[in-house]
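Listed below are the residues making up each chain.
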Amino acid sequence: MDFVSIRIITGDVARLVDFYERATGVEADWSTEDFAELRTTSATLAIAGTRTVPLFAPGAARPADNHSIIVEFLVDDVDHVHQNLTGSTEDFVQAPTTMPWGNRSLLLRDPDGNLVNFFTPITPAAIAKFAR
C-alpha cells in the first residue's frame with residue numbers, strides 16, 4: 001500500500017490553492033474548478049470544493065471544520081518559509097521552534113483554519129530520518 005494524498009474540502013478552492021501555491025512554491029494542477037492537486041515527490045495535497053462531497057456521500061465532509069489533523073511539509077529552510085509567509089498570513093500558531101525530536105518547526109493555520117506544519121530536520125538523527 002502507498003499513501004498517496006490528503007484532500008481538503010473547502011468552500012473556496014481558488015483561495016486555498018493560492019495559499020498553498022505561495023506557501024510551498026508548487027504549482028497546482030487543476031482538473032476542474034472544484035478540484036486541484038499540488039504534487040510533491042512524496043505525496044499530493046488535493047483541494048476540492050464542497051460540490052464534490054455529494055459524489056461520495058452527502059454531508060460526509062464539512063469545510064473549515066478540522067480540529068485534529070496537521071498537514072506537514074518537509075522544507076529546506078523553515079525560517080525562510082516563515083519570512084516568505086509573513087504578511088500573507090496572520091494566523092501563525094508557533095514561530096519557528098526547535099522541537100525535542102530534532103525538527104525546526106513552523107505551525108500556522110491555512111485560510112480555512114487547518115493546521116499546517118513546515119519543518120526542517122536539524123539534528124543528525126532527524127536529518128538521517130528524512131534523508132532523501
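Our subject in this report is the structure included herewith. (Residues numbered from 1 in each chain as written. Predicted model: local features only at pLDDT ≥ 70, side-chain atom pairs only at ≥ 80, totals over all residues. Heavy atoms only, no water.)

To continue, consider the nonpolar core. Judged by nonpolar contacts, the single largest core of 22 residues is most densely connected at Tyr-20, Leu-45, Ile-47, Phe-73, Leu-108 and Phe-118. Of all elements in the fold, only α1 (13–24), β3 (35–39), β4 (44–49), β5 (70–74), α3 (78–85), β7 (103–109) and β8 (115–121) reach the threshold of two or more residues within this core. The greatest single-element share of this core, amounting to six residues, is contributed by α1. With residues near it in sequence (within four places) discarded, Ile-47 still touches Ile-8, Thr-10, Val-13, Leu-16, Val-17, Tyr-20, Asp-34, Phe-35, Ala-36 and Leu-38. By size, the runner-up hydrophobic cluster in this structure holds five residues, among which are Ile-9, Phe-35, Ala-46 and Val-53. (Core = buried A, V, L, I, M, F, W, Y, C linked by side-chain atoms within 4.5 Å. Buried < 20%, exposed > 50% of the residue type's maximum accessible area, 1.4 Å probe, protein only. Helix = DSSP H or I, 4+ residues; strand = E, 2+ residues; numbered from the N terminus. Contact = heavy atoms within 4.5 Å.)

This paragraph deals with the side chain of Thr-52. Structurally, Thr-52 is set in the loop between β4 and α2 (53–56). On the accessibility criterion, Thr-52 (11% relative accessible area) is buried. Of the polar contacts made by the side chain of Thr-52, one reaches the backbone oxygen of Gly-49; its length is 2.7 Å. (Polar contact = N/O pair within 3.5 Å; in protein donor to acceptor, adjacent residues only side chain to side chain.)

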